[in-house]
Structures are given as C-alpha cells and as structure tokens.
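# Observations on the three-dimensional arrangement
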Amino acid sequence: MTRRIDEIDLPDDPEAIFDAMEARGWTDGLPVIPPTPERVARMLSATGRPPGEVVARLPPARYDATVEKIAVNAVMAGCRPEYFPVVLAAVEATADPHFELFGVNTTTNPTIPFVVINGPVRHAIDVNCSWSVLGPGKRANATIGRALSLVMINLAGRIPDQACKATWKFPGAFTMCAGEYEEESPWAPLHVERGFARDESTVTLLSPNSALNVIDTESVDAGELLANLAAAMMGTGGNGVFPFYGLGELCVMLCPGHARLIAERFSKQQVRETLLERLRVPVERLSARRVRMMEAAGLGQIEDGQVRFARHDWQFLIFVAGGLGGYHSAVFNTFGDSRAVTRRIAPLPPAFAAAAARSS
Amino acid sequence: MTVVTDRFVSLARASAKAAGHPDLPLLVLPHPFETLPIERLHELAEATVDECVALVRAQPPRAHD
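First, a word on scope: everything that follows refers to the structure included in this document. (Residues numbered from 1 in each chain as written. Chains lettered and ligands numbered in written order. Predicted model: local features only at pLDDT ≥ 70, side-chain atom pairs only at ≥ 80, totals over all residues. Heavy atoms only, no water.)

### Remarks on the layout of surface pockets
A volume near 1,200 Å³ is recorded for the largest pocket. Forming the walls of the largest pocket are 43 residues, and the residues nearest its centre are Thr107, Thr108 and Asn109 of chain A together with Phe8 and Glu34 of chain B. Within the residue set of the lining of the largest pocket, elements represented by two or more residues are α5 (101-106) and β12 (328-333) of chain A together with β1 (2-5), α1 (9-18) and β2 (26-29) of chain B. Looking at the lining of the largest pocket residue by residue, the classes come out as 22 nonpolar, 18 polar and three charged. Counting the residues that make up the lining of the largest pocket, at least three belong to each of domain 1 (1-208) and domain 2 (210-333) of chain A. Contributions of two or more residues to the lining of the second largest pocket are made by α1 (14-23), α2 (37-44) and α3 (67-77) of chain A. The leading source of residues in the lining of the second largest pocket is α3 of chain A, at five residues. (1 Å grid on protein atoms, 1.4 Å probe; cavity = no way out; pocket = protein on both sides within 12 Å on 5 of 7 lines; lining within 4 Å. Points joined across faces, edges and corners; volume = space filled by probe spheres on them. Helix = DSSP H or I, 4+ residues; strand = E, 2+ residues; numbered from the N terminus. Nonpolar A, V, L, I, M, F, W, Y, C, P; charged D, E, K, R; others polar. Domains from an automatic or database assignment.)

Structural data, given as structure tokens:
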C-alpha cells in the first residue's frame, strides 16, 4: 500500500505547526521539526539511494517505506542529515523477518525496537556510549531512535488501540538508542561477534520489553559478579519462561567496570555458557497451570524439575556501555521469538562528505 | 478466516487490509480467552464451532493489491 506525501501550507508558528501535525496523527505526542521540502532534500543528500526506492514494507500497515518517506520522519525527529544512513540501516534491520516486527508492533507486550550502534560512525556523529547512556542529552541517540519510532507510527501503523495492542509500552518507544563503548570493552564488540569488520559501522536492533538495573559495587571476583548477575536475571516475568516462547534472547548491557572485572576470568563466550547453565529455577517458582502449559508447548523449557531461561548460548547478547566509575549493568528481556538483527550502515556519499568538509 | 477476540478486532482488520484481504471473515470470540477454565473453553468451542466451519467453507475473498 502507498501513503502519499502531501504538501500542506501552515502558519509560520511552531505551536500551530505542531497542532496541525498532531491533529493529522503524524507525531509521537512531542513537537516535531516541520519536514519542509528543503529539509527533506538535505536529509536525502546524505544517501546515494533514490528517493522513491522502497526500503521496506513494515507491518502491520505495510505502507511503502520509501527513502523519501523515511527522510521525512528523520527530519521530523530532529535528525541531522549525517544520521540518515543510520536511520535507513535501522529501518532495514527491523524489516528482517527474524526481528518479527509484526509481533513487536502489535503485541500486548511492551516491546520496542532498540538501536545499538557499533563502529566508527559513533565518533563521526557523536553517539553516546558512556555516562547516562539511554538517557537524554545527545542529539544522535535521541533523534535516531525517535526517527525509527516515527517511522513505526507513520509507515508501519503502530497506532495505539488501532493496531498496537500493547498493554503498556516501554518508554523506550519514544527513542532508545545506545552506542557500544567499544574502547572500554575487554572483548570484541557486538558487530564483530556478528560477522562484521571492526572498522565497519552497524546497527543492531533488539526488542526489549523492559530494563532491569543490576547493581554490584562490592564484587572483587569475576565469578561472584557473574553469580550476582545471573541471580538478577532469574525474574520469571520474561518471555523466556512463558509457554509459547522458548528461544527468546536475553540482552546484557554491561557497564565498563563490570565488563573489566568479568573479563579477568571469562571470555564473552564463557559468560554466555555460564549464564546458560545458571539460569534455571525450580518449577515450584511458577504456577502449576503455567508449568502444565510449558510442558504442553514442548519447547524444552522444563528439565529435571527446573525451568530453564534459555536453551542455547546464542540467546545471550552481550555488549558494553555506560559511564566510567559506576557499577550498574542492565538486563533486557526481549520479546517472544524476536531475534536481534545487525545491518551495515552505508558510508555518506562522497559529495556529502566533501560538502561537509568545506563547510567546516 | 481468522479467529480473534473482541479486543483485537481492530488489529485483525488492519492486518487483513494490509495483506490485501480487507473482507477477510472473522470469527469474533469474547475476551478473555486464554484465562478461561477448560470447561468454559469447551462450552465456547461447542457454541461457535458451527459458525467457524461455515466461515472456513465460505468462498475466500479475492485478494486486493
């Protein structure tokens, strides 16, 4: 299906423009930058792709998400043109069937797309990987995540009550974007683990339902810290211990201090294997009805009187982000069988890069 | 045809339209569904099975682009 781009004349007043766009259902409830033809053209100058190219048809509405329409949403979100290749890669990643976007956009779960950025682009566009990551402050993080959110509203039909049936929504739905703090990670970064070169830039899309802070300021031994982390991850509200989902992912965002301590004794693969082994609780922790349903579903979640949170090491995604000095990591339960998807971010066109260099 | 509870009709309609089947027949059941005791589920199945079969047998709507 198509959704036309209409040009409308509005008074030259920020509040009137906001009111008019809100009335048309084009915003997330926050003010947007008016996507004038000039601004959209500047956004488009940051890609070599033709404006009419259909990048994706995103469920549930499956409107044609063309390069131009995505640019309109990126302008509205407040993106600088140099962020646009990141936004395009993020949209492409959500369209991968493994991401299960229909479920992400329509489920009763609070799930949302979470953008993790790797590679040199983090420095080029000033992506926050450190203090207060996932919080307000940096334009790249704030507006890239928001552009993706507006794309979901305007081009995928993620409209509350109509097609989006989320019982409540994780507030990351407004924007959720982090860079991996690769320079402070003792291990290979996420995108290298997933098959990309270190000097390539990528987005990895995850589908968190929520975030859980894990504080540990006292551990001096890697094993102790990992045990505390595993204990915190054994809340039974996640989809991994729900009858219909046996292969969901668990994402761990380790702060640099925690990562450094764990790496004294563990490779990242050993962390995954340790978590896989430790994350299990006695069936008595769950209701008899749920246990019966899990047994009937036959996904192998119950083993020797215990409920397992995961069955494969690849279900654990681990990356490093956060401020230096603090000892707080985060755990994200992801949605159902949605799998993380990584896409390469295209470099800026030579003409754009040359113009940017001249103006600076 | 698709089975849906009354809380999810708008999603079913939007999805069917996006997939090119705006007239997809829906069997609409009362919500909630998954928390019903098994006896009530059986009663619901008995009460709706004829309508379900009729919808399955009905001529499928023509797909629209």
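### Regarding the sheet that holds strand β9 (residues 302-303) of chain A
All names here are of chain A. Strands sit in the order β8-β10-β9 across an open sheet of three strands; the sheet is antiparallel. The open sheet has two edge strands, β8 (280-282) and β9, and neither has a second partner. When β8 meets strand β10 (residues 306-308), the two strands line up antiparallel, connected through three bridges. For proline 282, the partnering residue across the bridge sits in β10 and is glutamine 306. (Pairing = 2+ DSSP bridges.)

### Some thoughts on the environment of phenylalanine 309 of chain A
Residue and element names in this part refer to chain A. Locating phenylalanine 309 in the fold gives a position in the loop between β10 and β11 (316-320). Counting along the chain gives 154 residues from phenylalanine 309 to leucine 155, while the straight-line C-alpha distance between them is 35 Å. Residues within four places of phenylalanine 309 in sequence aside, it is in contact with Met233, Met234, Gly235, Thr236, Gly240, Val241, Leu250, Leu279, Arg280 and Val281. (Contact = heavy atoms within 4.5 Å.)

### As for the pattern of salt bridges
Residues and elements named next belong to chain A. All told, the structure shown has 18 salt bridges over all chains when counted by the stated rule. A salt bridge links aspartate 126 to lysine 138; the shortest N-O distance between them is 3.0 Å. One end of the pair, aspartate 126, is in the loop between α6 (121-124) and α7 (139-154); the other, lysine 138, is in the loop between α6 and α7, and 12 residues separate them in sequence. With relative accessibility at 43%, the residue aspartate 126 sits in the partly exposed group. Residues arginine 280 and glutamate 277 are paired through a salt bridge, measuring 3.5 Å at the closest nitrogen-oxygen approach. Classification of arginine 280 by relative accessible area gives buried; the value is 16%. In this structure, a network of salt bridges that share partners links the residues Glu277, Arg280, Glu303 and Arg308. (Salt bridge = Lys/Arg side-chain N within 4 Å of Asp/Glu carboxyl O. Buried < 20%, exposed > 50% of the residue type's maximum accessible area, 1.4 Å probe, protein only.)

### Looking at empty space enclosed by the protein
All names here are of chain A. Overall, the coordinates contain two cavities of 30 Å³ or more when judged by the stated rule. Every residue lining the largest cavity is listed: Gly238, Asn239, Gly240, Gly248, Glu249, Leu250, Phe309, Gln315, Asn333, Thr334 and Gly336. Residue composition of the lining of the largest cavity, by class: two nonpolar, eight polar and one charged. Volume-wise, the second largest cavity comes out at about 40 Å³. No other element matches α7, which puts three residues into the lining of the second largest cavity. Grouping the amino acids of the lining of the second largest cavity by side-chain chemistry returns four nonpolar, four polar and one charged.

### Quick word on the pairing of strand β1 (residues 54-57) of chain A
Residue and element names in this part refer to chain A. Two strands pair when backbone bridges link them, and β1 and strand β2 (residues 64-66) are joined in this way by three bridges, in the antiparallel orientation. By the bridge assignment for β2, alanine 56 is matched with alanine 65. With antiparallel pairing between neighbouring strands as the criterion, β1 and β2 make up a hairpin whose turn holds six residues, including arginine 62 at a positive phi of roughly 60 degrees.

Taken by themselves, the reported measurements are silent on function.
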